[in-house]
Amino acid sequence: MRTTRRSGRGYGKLVKFFRKKAGLTQQELAHATSYSYELVASIEQGRRPAKAAFTEAAEPVLGAGGVLAELQSEVDRAKLPKFFQDFALIETEAVSRFAYDPLLVPGLLQTEDYVKALFSSHCPPLDEETIELHTDARLNRQKMLTKTPIVQLSFVVGETALTNPMGGKEVMRGQLEHLLMVGALRNVELQVMPASAGYHPGLNGAFVLLQTLEHQHVGYIETQEVGVVISDPAKVSAFGLRYGKLRSQALNVGESASLMKRLAGAA
């Protein structure tokens with residue numbers, strides 16, 4: 001939480017600066033943005049990180065000229081678990097991102113209910129504020145799905161991730177319907193690895209393969225809240241070979257969509 005508070009304090013100082021420059025009290029800013037006085041005060045004091053919706057409402061009122069909007073991505077990134085923040089920064093420069101997830105729906109494809117179910121089940125338990133921060137940060141990352149310039153996205157998801165009733169049947173039905181909607185985007189390819197596939201390169205665990213604007217290829221692996229960014233060319237190349245093999249062994253896009261429709265109907 002220390003990084004979150006540090007980013008929040010910097011953002012809060014700017015809000016206070018622009019508010020005073022505009023000749024507004026905290027109460028007047030709260031009224032103008034349709035937020036509570038308590039929230040505005042907490043944001044200025046760095047006790048509560050701002051959400052993107054607050055920044056969007058406050059920018060024109062304060063005449064901030066895009067300064068707060070520019071800082072918002074840093075505030076959002078600081079809400080993420082610390083072990084993931086380095087990769088999240090690299091991810092903002094992605095032109096392509098390929099990922100294999102055997103046990104869970106990928107974070108970029110999760111619904112809000114699914115995200116909350118995951119964080120609410122965390123061991124050891126998280127407090128409500130941390131759950132809210134992590135949820136907001138994960139949902140904000142999903143802007144990658146529709147950002148410009150377009151990012152080419154490919155996901156291979158284990159069938160187990162789609163049949164495990166995370167959060168209950170209603171949550172999973174909504175999640176499966178969301179996957180079908182996102183899978184229809186022209187920059188997204190979504191494939192399912194059948195549980196009966198036998199041996200495949202993904203049995204060693206989840207991984208991400210990413211290419212940046214500068215054509216740098218980066219890998220990422222994560223387990224038990226330990227995340228590792230991999231830049232060694234030989235290791236990243238091996239990731240590429242494995243991912244190609246996974247795509248060839250998984251159901252194709254059409255077959256995967258049909259399976260998700262059946263599972264959604266049965267949920």
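Reference entry: report on the structure contained in this document. What you are looking at is a predicted structure, and each value in this text was computed from that prediction instead of being measured. (Residues numbered from 1 in each chain as written. Predicted model: local features only at pLDDT ≥ 70, side-chain atom pairs only at ≥ 80, totals over all residues. Heavy atoms only, no water.)

Quick notes on the nonpolar core
- Core analysis: the biggest nonpolar cluster contains 37 residues, and Leu 109, Phe 155, Leu 162 and Leu 179 have the highest contact counts within it.
- Among the elements that line this core, the one with the most residues is helix α10 (residues 169-183), at five residues.
- For Leu 162, the contacting residues outside a window of four places in its chain are Val 105, Val 157, Met 172, Leu 176, Leu 179, Val 192, Met 260 and Leu 263. (Core = buried A, V, L, I, M, F, W, Y, C linked by side-chain atoms within 4.5 Å. Buried < 20%, exposed > 50% of the residue type's maximum accessible area, 1.4 Å probe, protein only. Helix = DSSP H or I, 4+ residues; strand = E, 2+ residues; numbered from the N terminus. Contact = heavy atoms within 4.5 Å.)

A look at the pattern of salt bridges
- Going through the model one piece at a time under the given rule, you end up with 10 salt bridges.
- A salt bridge links Glu 132 to Arg 48; the shortest N-O distance between them is 2.9 Å. You can see Glu 132 sitting in helix α8 (residues 128-141) and its partner Arg 48 sitting in the loop between α3 (37-44) and α4 (52-62), a full 84 residues away along the chain.
- Since its relative accessible area comes to 33%, Arg 48 is described here as partly exposed.
- Two residues, Glu 112 and Lys 116, come together in a salt bridge whose shortest N-O distance is 3.1 Å. (Salt bridge = Lys/Arg side-chain N within 4 Å of Asp/Glu carboxyl O.)

With respect to the pairing of strand β1 (residues 94-101)
- Among the eight residues that make up β1, six are buried, leaving the element largely enclosed by the rest of the structure.
- Sheet topology note: the β1/strand β4 (residues 207-212) ladder contains six bridges and is antiparallel. Directly across from Ala 94, in β4, lies its bridge partner Thr 212.
- Pairing geometry for β1 and strand β2 (residues 152-158), over six bridges, is parallel. Looking at the pairing, Ser 96 lines up with Gln 152 of β2. (Pairing = 2+ DSSP bridges.)

Comments concerning α8
- For α8, which comprises 14 residues, the first-to-last C-alpha distance of 20 Å matches the rise-based estimate of 20 Å (1.5 Å per residue) to within 8%.
- Counted residue by residue, α8 has 10 buried out of 14 residues, so it is predominantly covered.
- Burial in α8 covers these residues: Thr 130, Ile 131, Leu 133, His 134, Thr 135, Asp 136, Ala 137, Arg 138, Asn 140 and Arg 141. (Expected span 1.5 Å × (residues − 1).)

Quick notes on the sheet that holds β1
- Taking strand neighbours across the sheet as the criterion, the six strands line up as β3-β2-β1-β4-β5-β6 in an open arrangement whose pairing is mixed. The sheet is open, and its two edges are formed by β3 (188-193) and β6 (226-230), each paired on a single side. In this sheet, adjacent strand axes meet at a mean angle of 15 degrees when their direction is disregarded.
- Pairing between strand β5 (residues 217-223) and β6: five bridges, direction antiparallel. Bridge pairing links Thr 223 to Val 226 in β6. (Axes fitted to C-alpha atoms, helices over the stretch in contact; angles between N-to-C directions.)

Brief notes about a nonpolar patch on the surface
- Together, Ile 221, Val 226 and Val 228 make up a nonpolar patch on the protein surface, roughly 210 Å² of accessible area in all.
- Along the chain, Val 228 falls in strand β6. (Patch = residues over 30% accessible without salt bridge, like charges linked within 9 Å, V, L, I, M, F, W, Y side chains within 5 Å. Areas by Shrake-Rupley, 256 points an atom, 1.4 Å probe, with all protein chains shown as cover.)

Some details on the side chain of Glu 91
- Note on placement: Glu 91 falls in helix α6 (residues 85-91).
- In terms of polar contacts, Glu 91 uses its side chain to reach the side chain of Arg 141, at 2.9 Å.
- Setting aside anything within four residues of it in sequence, one finds Glu 91 in contact with Phe 84, Arg 97, Leu 108, Arg 141, Met 144 and Leu 210. (Polar contact = N/O pair within 3.5 Å; in protein donor to acceptor, adjacent residues only side chain to side chain.)

Looking at the environment of Leu 14
- Relative to the elements of secondary structure, Leu 14 occurs in helix α1 (residues 2-21).
- The spacing of Leu 14 and Leu 68 is 54 residues in sequence and 7.5 Å in space, taken between C-alpha atoms.
- The residues touching Leu 14, leaving out its near neighbours within four places in the chain, are Val 67, Leu 68 and Leu 71.

Some remarks on the packing of α10 against helix α12 (residues 253-266)
- Here α10 crosses α12 at 155 degrees, and the two axes come no closer than 9 Å. Relative to α12, the element α10 is oriented roughly antiparallel. As for how α10 packs across α12, the hand of that crossing is left-handed. Where α10 abuts α12, its residues Arg 173, Leu 176, Glu 177, Leu 179 and Leu 180 lie against Ala 257, Met 260, Lys 261, Leu 263 and Ala 264.
- Here the contact of α10 with α12 is built from residues that sort into seven nonpolar, no polar and three charged. (Parallel < 35°, antiparallel > 145°, perpendicular 65-115°, else oblique. Left-handed = near helix turned anticlockwise from the far one by under 90°. Nonpolar A, V, L, I, M, F, W, Y, C, P; charged D, E, K, R; others polar.)

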